[in-house]
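Topology and contacts: notes
The lines below spell out each chain.
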Amino acid sequence: MTVRALGRARARIAALLPTRSGLAEMGREPRRDLLAGLTVAVVALPLALGFGVSSGLGAEAGLATAVVAGVLAAVFGGSNLQVSGPTGAMTVVLVPIVGRYGATGVLTVGVMAGVMLVGLAVLRAGKYMQYVPAPVVEGFTLGIACVIGLQQIPNALGVPKPEGDRVLVVTWRAVEEFVGHPNWTAAGFAVAVAAVMLAGARRRPTVPFSILAVIAATVVAQAAGLDAAQPIGDLPSGLPAPSLSFFELGSLGSLVVPAVAVAALAALESLLSASVADGMTVGQKHDPDRELFGQGLANIAAPLFGGVPATGAIARTAVNVRTGASSRLAALTHAAVLAVIVFAAAPLVSKIPLAALAGVLLATAIRMVEVGSLKAMAKATRSDALILVLTAAATLALDLVYAVVIGLVVAGALALRAVAKQARFDQVPLDRGDHSAEEHALLAEHIVAYRIDGPLFFAAAHRFLLELTEVADVRVVILRMSRVSTLDATGALVLKDAVQKLHRRGIAVMTSGIRPGQRRVLDSVGALDLLRLDGREYPSTPEAIRAAREHLELAGVLPATPVQNTPETSPKTTDVSEEPVR
C-alpha cells in the first residue's frame, strides 16, 4: 500500500470520528436533553427486558445491549437524536441463530456484524439506503410487527416456548398448549398491559404508560402471590466484565451468512430510524456513513458484555425527539439511567412477570403498523401494493434479509417494466423538404421512417425487433435515433439483428441522429460497422432521406433527378446556424 493510499485511509477514518463541534452541542440545552433521556430510559426499560427475553439470551442481555450499544452509538453515530439498543426486528433474526448455534453463536455473530458495518462505513455505503423503495420499507415494517407480535404468544399465554424456529409454527404449538392447559392469569396480565398502553397512548402520548403498566402488574402479582405469572428471574447486579471467551475461530465460516444478515438488518433499520428522526425535526440531518460506523462499534462492543446485536430503535428515537431532545446527551442519559437500574434495582426488575413484558411488546407491535401509510401505499399503484404485500409475507414466512431482497428484486423488475413501456417505436411521415407533392408521395411508397423514443435496452429491445422486422412493401427503412435516451448492449445487438434481417429481405436500413455516447455501444457489438458498410449512417434525417432517394434511383425504382446547374435549382448552402432535423 502506498503512502498516498495510507493517507486516504487515515483521512477516511478520521472523517468518521466524532468532532469537537458535535460534542460541544451537548452543552447547549442540557436540561431538555436530560429530561428527554430519562423519559426514553423509562420507555426503553421494558422493551430492553422483553427483547432480551425474546432473543433467547435473557433479560440481562437486553439490558447490557441497551447500555453499551446506547453509549457507543450515541457518541460515534451519525445522528444527534438516534437511540440504539435491542429491537424487535433484530430479535426476529436472532431467534433462529440462537436455536442453531446457541448463545456463543449469537455473540460471535454480533462481533462479526459490527466489523462488517465498520467496513461499510469506510466504503461509504450509507448513501445507498436512499435506493430502498418506500413499499419495501412499509412491507418490511408490517412484517416485523406481525413477527414481533407472534413471538410474544407463548409468554403472553403463560406456556413454555415450543421447539422450532418458524414463528408461525411456534405460535400454533403455543396456542395448542394453552388450549390443553390454559393459564388465564398470564393471559390477563398480557392483555391488561397491552390495553393500558394502547389506550393511554391515544389520550396522553407523553406519559410512559408501558412502565406504569409493568409496575402495576408486578405489584399485583407479588401482592396476590400469583405463581402462574412467571417472573423474569434473577438478574446480575451490574454488567459483566468484558470477555472474548465466547469467540470461537473455528466456527467463523459457518457464521458468515448469519452475520451478513445481522449486519444488513442493522444497517437498514438504523439508517431508516435516523431518517425518521430527521423528518421529525427541523435542521437535523444525519451522516449515514458515521451512523454505520457508530453502529459497527456498538455491535463489536455489546457482545463483549453479554449483549445481543443492536440497531437504531425507531420507537425510542421517536420518543426522544418528541420529548425535546436536541443532542447526543439525551441518548447518553438514557443509557446511563439504564445502567443505574442494572446496578441498583436488579432485584426489583427480576420480579416483573414475563406476561407483562409480552403485553408491552404486543402493544409495541400494534403501534408499529401505520394504517394510514399502508392505505396510501396500497392506493398508489398496483405495483406498490404488490411489493408491500410480498415483502410483508416474505418477512413473516422466511426472514428479514430475504424479505428485503425479494422486495428489491420485485420492485426493480416492475420499475424496469414501467420504463420499458415508455419506449416508443412510431412510424413518422417523411419530411417534405424540397420535394414536390408528387415526389413526396412517390418517396412515401418506398421509404418508411421510424422514430425511436425512450430507452432501447434489454427490457424493451425485443419488442422493437418484433415491430421492426414486420415492416413490408418498402425498399428503405430510416431509423431516427436522436431521441433514444438509453442504449445498452442488448439493444445494440437487437438493432444489429434487425438490420441484418432487413438486409436479407432486400430492404436498406439508414440511421440518423445517433448520439456520440451511443456510438461506443453500437461499435462494441459491430452494429456501427454494419451501418457504415454502405455509408448509411447520417447526422440528420434530411440527409438520410436524400441518400434513400439516391439509393432508389440507382436501383431503378425512382427516375433519376436531372442535374441543373442554374441559380434557381443549384444546391442551396445550408445555414450552419440551423439545427438539422434529427
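The residue count restarts for each chain, going from 1 along the sequence in the order it is written. Local features in this predicted model are restricted to residues of pLDDT 70 or higher, and side-chain atom pairs are both shown and tallied only at a pLDDT of 80 or more, whereas totals for entire chains, interfaces and linings draw on every residue. Heavy atoms throughout the structure, all of them, feed into the side-chain values; hydrogens and water do not.

**Structural notes on the overall build of the chain**
- Comment: elements are numbered from the N terminus, with helices defined as DSSP H or I runs of at least four residues and strands as E runs of at least two. Assigned secondary structure in the chain consists of 25 helices and 8 strands.
- Here the analysis covers contacts within the chain between residues at least 6 apart in sequence; of these, 83% occur between residues at least 24 apart.
- In this description, accessible areas are obtained by the Shrake-Rupley approach with a 1.4 Å probe, and a residue is regarded as covered only by the protein chains that are shown. When the accessible surface of the chain is summed, it comes to about 27,800 Å², and 61% of that surface belongs to carbon and sulfur atoms. Any two residues whose heavy atoms approach within 4.5 Å at even a single point are treated as in contact.

**Some remarks on the packing of helix H9 (residues 184-203) against helix H10 (residues 209-224)**
- Helix axes use the C-alpha atoms of the stretch in contact, all axes being lines fitted to C-alpha atoms, and the angles between their N-to-C directions lie in the range 0 to 180 degrees. Axis separation between H9 and H10 bottoms out at 9 Å; the angle between their running directions is 150°. As far as their axial angle goes, H10 and H9 are roughly antiparallel. Judged by the twist between their axes, the crossing of H9 over H10 is right-handed. Here Phe189, Val193, Val196, Met197, Gly200 and Ala201 of H9 come into contact with H10, specifically with Phe209, Ser210, Ala213, Ala217, Val220 and Ala221.
- Across the contact of H9 with H10, the residue classes tally to 10 nonpolar, 2 polar and no charged. Throughout, the term roughly parallel applies to angles under 35 degrees, roughly antiparallel to angles over 145, roughly perpendicular to angles from 65 to 115, and oblique to all others. Crossing handedness follows the turn of the near helix against the far one: under a right angle anticlockwise gives a left-handed crossing, and clockwise gives a right-handed one. Only Asp, Glu, Lys and Arg are considered charged, only Ala, Val, Leu, Ile, Met, Phe, Trp, Tyr, Cys and Pro nonpolar, and every remaining residue, Gly among them, polar.

**Describing the pattern of salt bridges**
- Whenever Lys or Arg places a side-chain nitrogen within 4 Å of a carboxyl oxygen from Asp or Glu, that contact is recorded as a salt bridge. In this structure the tally under the stated criterion is 5 salt bridges.
- Across the salt bridge formed by glutamate 537 and arginine 519, the nearest N and O atoms sit 2.9 Å from each other. Highlighted residues: glutamate 537 in strand E8 (residues 537-538) and arginine 519 in helix H23 (residues 516-524), separated in sequence by 18 residues.
- The residue arginine 549 makes a salt bridge to glutamate 553 at a minimum N-O spacing of 2.9 Å.

**Remarks on unusual backbone geometry**
- Despite not being glycine, arginine 124 shows a phi value in the positive range, around 60°.
- Within the element layout of this structure, arginine 124 appears in the loop between helix H5 (88-122) and helix H6 (134-151).

**As for the nonpolar core**
- In this text, buried Ala, Val, Leu, Ile, Met, Phe, Trp, Tyr and Cys residues form a nonpolar core when linked through side-chain atoms within 4.5 Å. The buried label goes to any residue with under 20% of its type's maximum accessible area, the exposed label to any with over 50%, and the partly exposed label to all in between, with areas taken from a 1.4 Å probe on protein chains only. Formed by 45 residues in total, the largest nonpolar core has its most connected members in Leu57, Leu94, Ile97 and Val262.
- Here this core takes 15 residues from H5, the largest share from any one element.
- Ignoring any residue separated from it by four or fewer positions in sequence, one finds leucine 57 in contact with Gly52, Val98, Ala103, Val106, Leu107 and Val308.
- If you look at the next biggest cluster of nonpolar residues, it comprises 43 residues, including Ala74, Ala213, Leu332 and Ala363.

**Description of helix H12 (residues 288-301)**
- Spanning 14 residues, H12 covers 20 Å between terminal C-alpha atoms, matching the ideal 20 Å at 1.5 Å per step.
- The buried count for H12 comes to 11 of 14 residues, which makes it a mostly enclosed element.
- For H12, every residue scored as buried is listed here: Asp289, Arg290, Glu291, Leu292, Phe293, Gly294, Gln295, Gly296, Ala298, Asn299 and Ala301.
- For H12, the N-terminal cap is aspartate 287; the gap from its side-chain oxygen to the backbone nitrogen of aspartate 289 is 3.1 Å. Expected span of a helix: the number of residues minus one, times 1.5 Å. Two N or O atoms count as a polar contact when they lie within 3.5 Å, although within protein this holds only if one can serve as hydrogen donor and the other as acceptor, and sequence-adjacent residues are included solely when both atoms are side-chain atoms.

**Section: the pairing of strand E7 (residues 508-512)**
- In terms of burial, E7 is largely enclosed, as 5 of its 5 residues are buried.
- Here E7 shows a buried face lined by Ala508, Met510 and Ser512 and a second buried face lined by Val509 and Thr511.
- In short, DSSP must find at least two bridges between two strands for them to pair. Bridging between strand E5 (residues 476-480) and E7 involves 5 bridges; their strand directions are parallel. Paired with arginine 480 across the strands is serine 512, a residue of E7.
- Inspection of the sheet shows E7 paired to E8 by 2 bridges, in the parallel sense. Its bridge partner lying in E8, threonine 511 is registered against glutamate 537.

**Considerations on the packing of helix H4 (residues 59-76) against helix H14 (residues 329-344)**
- Where H4 meets H14, the axes come as close as 8 Å, and the angle between the chain directions of the two elements is 155°. Judged on the interaxial angle alone, H14 and H4 are roughly antiparallel. Crossing handedness for the pair H4 and H14: left-handed. The residues of H14 that touch H4, namely those facing Leu63, Ala66, Val67, Gly70, Val71, Ala74 and Val75, are Ala331, Leu332, His334, Ala335, Leu338, Ala339 and Val342.
- Looking at the contact of H4 with H14 residue by residue, the classes come out as 12 nonpolar, 2 polar and no charged.

**Section: the packing of aromatic side chains**
- Side-chain rings of Phe, Tyr and Trp, where Trp is taken by its six-membered ring, are said to pair if the distance between their centres is within 6.5 Å; with planes under 30 degrees apart they count as stacked, over 60 as edge-to-face, and otherwise as tilted. Summed over all chains, the structure comprises 2 aromatic pairs.
- Ring geometry for phenylalanine 76 versus phenylalanine 293: centroids 6.4 Å apart, planes at 75°, classification edge-to-face. In this pair, phenylalanine 76 is assigned in helix H4 and phenylalanine 293 in helix H12, connecting sequence segments 217 residues apart.
- On the accessibility criterion, phenylalanine 76 (22% relative accessible area) is partly exposed.
- Overall, phenylalanine 293 belongs to the buried group, its relative accessible area being 8%.
- Aromatic pair phenylalanine 178 and tryptophan 184: ring centres 5.1 Å apart, planes at 80°, arrangement edge-to-face.
- Its relative accessible area of 62% is what places tryptophan 184 among the exposed residues.

**Focus: the side chain of glutamate 291**
- Along the chain, glutamate 291 turns up in helix H12.
- Of the side chains with opposite charge, arginine 328 lies nearest to the buried glutamate 291, which makes no salt bridge, at 6.3 Å.
- Residues within four places of glutamate 291 in sequence aside, it is in contact with Gly77, Gly78, Ser79, Gln82, Ser270 and Leu271. The positive count covers Lys and Arg only, the negative count covers Asp and Glu only, and His and the chain ends enter neither.

**Quick word on the pairing of E5**
- Burial of E5 is extensive: 5 of the 5 residues sit out of reach of the surface.
- Pairing geometry for strand E4 (residues 447-456) and E5, over 5 bridges, is parallel. Paired with isoleucine 447 across the strands is valine 476, a residue of E5.

**A short note on a nonpolar patch on the surface**
- Nonpolar side chains collect at one region of the surface, where Ile13, Leu17 and Val122 lie side by side and expose about 200 Å² of accessible area between them.
- In this fold, valine 122 is placed in helix H5. Within the patch definition used here, like charges are joined within 9 Å and nonpolar side chains (Val, Leu, Ile, Met, Phe, Trp, Tyr) within 5 Å, considering only residues with over 30% relative accessible area and no salt bridge.

**Topic: the confidence of the model for the chain**
- For the chain, mean pLDDT is 80; residues scoring 70 or higher make up 86% of the total.
- Segment residues 564-582 is flagged for pLDDT under 50; beyond a separation of four residues in sequence, or across chains, it makes 17 contacts in the model. pLDDT is defined as a per-residue confidence score from the predictor, taking values between 0 and 100.

**Details of helix H8 (residues 167-180)**
- If you check H8, its first and last C-alpha atoms are 20 Å apart, about what 14 residues at 1.5 Å a residue would give, namely 20 Å.
- For H8, the complete set of buried residues consists of Val167, Val170, Thr171, Ala174 and Phe178. Along the axis of H8, the buried residues cluster in a sector spanning 100°; they form a single face. Away from its buried face by more than 90 degrees, H8 exposes Trp172 and Val179. Working note: the arc is built from the helix axis to C-beta atom directions.

**Considering the environment of isoleucine 211**
- Residue position: isoleucine 211 is located in helix H10.
- Sequence separation of isoleucine 211 and valine 43 is 168 residues, and the distance between their C-alpha atoms is 6.5 Å.
- Not counting the four nearest positions on each side in its chain, isoleucine 211 is found in contact with Val42, Leu45 and Pro46.

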